[in-house]
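Overview (structure and organization)
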Amino acid sequence: QVQLVESGGGLVQSGGSLRLSCAASKSIFSYDAMGWYRQTPGKQRDMVARITKYGNTNYADSVKGRFTISRDNANNTVYLQMNSLKPEDTAVYYCNAKSVVAVTGTYFDYWGQGTQVTVSS
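Here the structure is a predicted model, which is why all the values come from computation and not from measurement.

**So, a nonpolar patch on the surface**
A surface patch of nonpolar side chains, amounting to about 300 Å² of accessible area, comprises Val-101, Val-103 and Phe-108. The class of Phe-108 is partly exposed, set by a relative accessible area of 43%.

**Let's talk about the packing of aromatic side chains**
Across all of its chains, the model carries 2 aromatic pairs by this definition. For Arg-45, the ring lying beneath its charged end belongs to Trp-111, and the centroid distance is 4.6 Å. Seen from the ring of Phe-29, Lys-53 lies directly overhead, with NZ or CZ sitting 4.9 Å from the centre.

**Points about the layout of surface pockets**
Within this model, the largest pocket holds a volume of roughly 150 Å³. Taken together, 13 residues form the lining of the largest pocket, with Arg-38, Thr-40, Lys-43, Asp-46 and Glu-88 sitting closest to its centre. Elements with a minimum of two residues in the lining of the largest pocket: β4 (33-39) and β5 (46-52). Grouping the amino acids of the lining of the largest pocket by side-chain chemistry returns 4 nonpolar, 5 polar and 4 charged.

**Digging into the side chain of Arg-71**
Structurally, Arg-71 can be placed in strand β7 (residues 67-72). The side chain of Arg-71 is buried and forms no salt bridge, while Asp-72, the nearest opposite charge, is found at 8.5 Å. Among the polar contacts made by the side chain of Arg-71, one reaches the main-chain carbonyl oxygen of Thr-52 at a distance of 2.9 Å. A polar contact of 2.9 Å, which involves the side chain of Arg-71, links it to the side chain of Asn-73.

**With respect to the pattern of salt bridges**
Taken as a whole and judged by the stated rule, the model has 4 salt bridges. A salt bridge links Arg-66 to Asp-89; the nearest nitrogen and oxygen atoms lie 2.8 Å apart. Remark: Asp-89 occurs in the loop between β8 (77-82) and β9 (91-101) and Arg-66 occurs in the loop between β6 (57-59) and β7; sequence separation between them is 23 residues. We note that Arg-66, like Asp-89, is buried.

Parameters and conventions
- Throughout, residues of each chain are indexed from 1 in the direction in which the sequence is written.
- Only residues with pLDDT of at least 70 are given local features in this predicted model, and only at 80 or more are side-chain atom pairs given and counted; all residues enter the totals for whole chains, interfaces and linings.
- Hydrogens are left out, water is left out, and the side-chain values use all remaining heavy atoms of the structure.
- To count toward a patch, a residue needs a relative accessible area over 30% and no salt bridge; like charges are then connected within 9 Å, while nonpolar side chains (Val, Leu, Ile, Met, Phe, Trp, Tyr) are connected within 5 Å.
- Per-residue and other accessible areas were derived by the Shrake-Rupley procedure at a 1.4 Å probe size, with only the shown protein chains allowed to occlude residues.
- Think of a salt bridge as a Lys or Arg side-chain nitrogen and an Asp or Glu carboxyl oxygen that are within 4 Å of each other.
- Partly exposed residues are those whose accessible area sits between 20% and 50% of the maximum for their type, while under 20% is buried and over 50% is exposed, using a 1.4 Å probe and protein chains only.
- Pairing of aromatic rings covers Phe, Tyr and Trp, the last counted by its six-membered ring, and requires centre-to-centre distances within 6.5 Å; plane angles under 30 degrees mean stacked, over 60 mean edge-to-face, and any other angle means tilted.
- The rule is short: NZ of Lys or CZ of Arg within 6 Å of the ring centre and within 35 degrees of the ring normal puts a charge over the ring.
- Grid points spaced at 1 Å and placed over the protein atoms alone form the basis of the search, with a cavity being a set where a 1.4 Å probe fits but cannot get out and a pocket an open set showing protein on both sides within 12 Å along at least five of seven lines. Lining residues have an atom within 4 Å of a point.
- Grid points are joined across faces, edges and corners, and a volume is the space filled by probe spheres set on the points.
- Helical segments are the DSSP runs of H or I of at least four residues, strand segments are the runs of E of at least two, and each set is numbered from the N terminus.
- Gly is put with the polar residues, along with every residue not named as nonpolar or charged; the nonpolar set is Ala, Val, Leu, Ile, Met, Phe, Trp, Tyr, Cys and Pro, and the charged set is Asp, Glu, Lys and Arg.
- Just so you know, the count uses Lys and Arg for positive and Asp and Glu for negative, and it drops His and the chain ends.
- Under this definition, polar contacts are N or O atom pairs within 3.5 Å; protein pairs additionally need one hydrogen-donor-capable and one acceptor-capable atom, and for neighbouring residues in sequence, both atoms have to be side-chain atoms.

Note that every value here comes from positions in space, so none of it alone points to a role or purpose.
Structure (structure tokens):
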């Protein structure tokens, strides 16, 4: 089972930038997709950005044009560059690794412990 460790969260002013990192304990290329999700108290965990093993990306509408996900397969690390941050981006951000069993459509999710991002107005 992979271990995912996030880093890079913190407090930033509105309009600022942060880069989150997710270091995996094993090859991230073995997973069908890597992603970033976020969650605020009392709400569900939502997808922010995702990148497949082939490099295809998709983003939540709320972050398109501001956030960029990337991966470094050689170092088993996934990044989330966050620019033009807004107070509504405040959340705990979680790294995710997803494996899909193509024949059955079953998928397995692995999560990091999360990193807090706080954007002040």
